[in-house]
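An overview of the molecular structure
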Amino acid sequence: MTDAVQDWKHWHEQRTETVSAPYGPLALTGTHWLADYPEGHLPGIPGHWVDTPDAVVLTANPDEGLTVDGQPLTGKVHLDADSGPVSDARVALGGRRLVVLRREGLWAVRDFDPDAAARRVFRGIDATAYDARWAVPGRFTPYGEDRTVTVGNADGKERGLGLGGELSFRLGGVEHTLQVSVEADGSLWAVFADASSGLSSYRFRFLRPAAPGADGRTTVDFNRALLPPCAFADHFICPFPPPGNTLLTEIAAGERNLRDR
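My aim in this report is to walk through the structure given alongside it, one point at a time. As a convention, each chain's residues are numbered from 1 in the sequence order in which they are written. Totals for whole chains, interfaces and linings use every residue, but because this is a predicted model, local features are given only for residues with pLDDT of at least 70 and side-chain atom pairs only at 80 or more, for both listing and counting. Excluding hydrogens and water, the side-chain values take into account all heavy atoms of the structure.

Regarding the overall build of the protein chain
The secondary structure content of the protein chain amounts to two helices and 17 strands. Values of the radius of gyration come from C-alpha atoms, whereas the globule rule sets the reference at 2.2 Å times the count of residues to the power 0.38. Computed over the C-alpha atoms, the radius of gyration of the protein chain is 20 Å, within 12% of the 18 Å expected from 2.2 N^0.38 for a compact globule of 261 residues. When the backbone C-alpha atoms are referred to their principal axes, the protein chain occupies close to 65 × 45 × 30 Å. What makes two residues a contact is simply this: any of their non-hydrogen atoms within 4.5 Å. A separation of at least 24 residues holds for 59% of the contacts in the protein chain among residues at least 6 apart in sequence. Note on areas: Shrake-Rupley, 1.4 Å probe, and residue coverage restricted to the protein chains presented here. When the accessible surface of the protein chain is totalled, it reaches about 13,100 Å², and 50% of it is carbon and sulfur. Residues scored as positive are Lys and Arg, those scored as negative are Asp and Glu, and His as well as the terminal groups of each chain are ignored. For this purpose, a charge sits on NZ of Lys, CZ of Arg, CG of Asp or CD of Glu. Side chains of the protein chain carry 26 positive and 35 negative charges; the gap between the two charge centres is 4 Å. Helix and strand assignments come from DSSP, with helices taken as H or I runs of at least 4 residues and strands as E runs of at least 2, each series counted from the N terminus.

Structure follows, in structure tokens:
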């Protein structure tokens, strides 16, 4: 077994462990936008939740069972967006974690429940075995300035998607280009679809190439194409591919779908 194959197998095993973890994406049971609940009462979640320009204000009685930073909440607390792992979210309700989220100026609360039905019925991720033909050299060309395009999201709403440049590569002798975002650590993130999308693969997938070198070079490895979080739970707001990111080639590689048995 080659190092590349072994590395891929380890990556796939880690991905399966991550998504099925107690607070992985399968545990998400709801995303509640506070603007949709002006009275401050969220479905299945105690307390009174109010959004302000700068914070979420949560008020609760001691008998409601909410804790903040591990201590029972009595009275009022101002909450910023949670930036760390779900397990470190400030607000909890028993084993559940209530994650405060902010997107484009709007506040939401995500409810992660380790006892979610999706975790109990999870059978694994259907992924195609490693094939070196799907790992090719690529070159990243940054835009002169960051761009934002409006794209549909999995929840039916449109939101801005920040893009930092283009990633070009060749597959089977054909030149392709993807618009990509640049993450804080310099790595790249692409939302793409291809000829297999909605057929033998999920309707779109993610790709996360490593940070390019000073010459813009990186590796485009579709063996590590990822299912988006919304493939695991309907309550994620994954962006759809931006214009130009639907490849005519069938990318028969990487994660394809959830296993149904």
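Focus on the environment of Asp88
Assignment of secondary structure puts Asp88 in the loop between strand S6 (75-79) and strand S7 (91-93). Only protein chains enter the accessibility calculation, which uses a 1.4 Å probe. A residue is then buried if its area is under 20% of the maximum for its type, exposed if over 50%, and partly exposed in between. Owing to a relative accessible area of 52%, Asp88 belongs among the exposed residues under this scheme. Put simply, Asp88 and Asp69 are 19 residues apart on the chain and 8.7 Å apart in space, counted from C-alpha to C-alpha.

Notes on the side chain of His12
Here His12 lies in helix H1 (residues 3-19). If we skip the residues at most four places from it in the chain, His12 touches Ile125 and Ala127.

Focus: the pattern of salt bridges
Oppositely charged side chains may form a pair once their charged atoms are brought near each other. When a carboxyl oxygen of Asp or Glu is within 4 Å of a side-chain nitrogen of Lys or Arg, the pair counts as a salt bridge. Tallying each qualifying case throughout the model produces 10 salt bridges. The partner of Asp111 in a salt bridge is Arg96, and the shortest N-O contact between them spans 2.6 Å. Taken together, the residues span a long stretch of sequence, with Asp111 in strand S9 (residues 106-112) and Arg96 in strand S8 (residues 96-103) at a distance of 15 residues. Overall, Asp111 belongs to the buried group, its relative accessible area being 5%. On the basis of relative accessible area, Arg96 is assigned to the buried category, the value being 19%. Where Asp155 meets Arg159, a salt bridge forms, and the shortest distance between an N and an O atom there is 2.8 Å. Given the relative accessible area of 11%, Arg159 is considered buried.

Concerning the packing of aromatic side chains
Any Phe, Tyr or Trp ring, taking Trp's six-membered ring, that has another such ring centre within 6.5 Å forms a pair; planes under 30 degrees apart are called stacked, those over 60 apart edge-to-face, and the others tilted. A complete count under the given rule lists seven aromatic pairs for this structure. Look at Trp8 and Trp11: their rings are 6.1 Å apart centre to centre, the planes differ by 45°, and that puts the pair in the tilted class. Remark: Trp11 and Trp8 occur in helix H1; sequence separation between them is three residues, near one turn of the helix. Across the pair, Trp11 and Trp8 agree in class, each one buried.

Read these as spatial facts, not as claims about activity.
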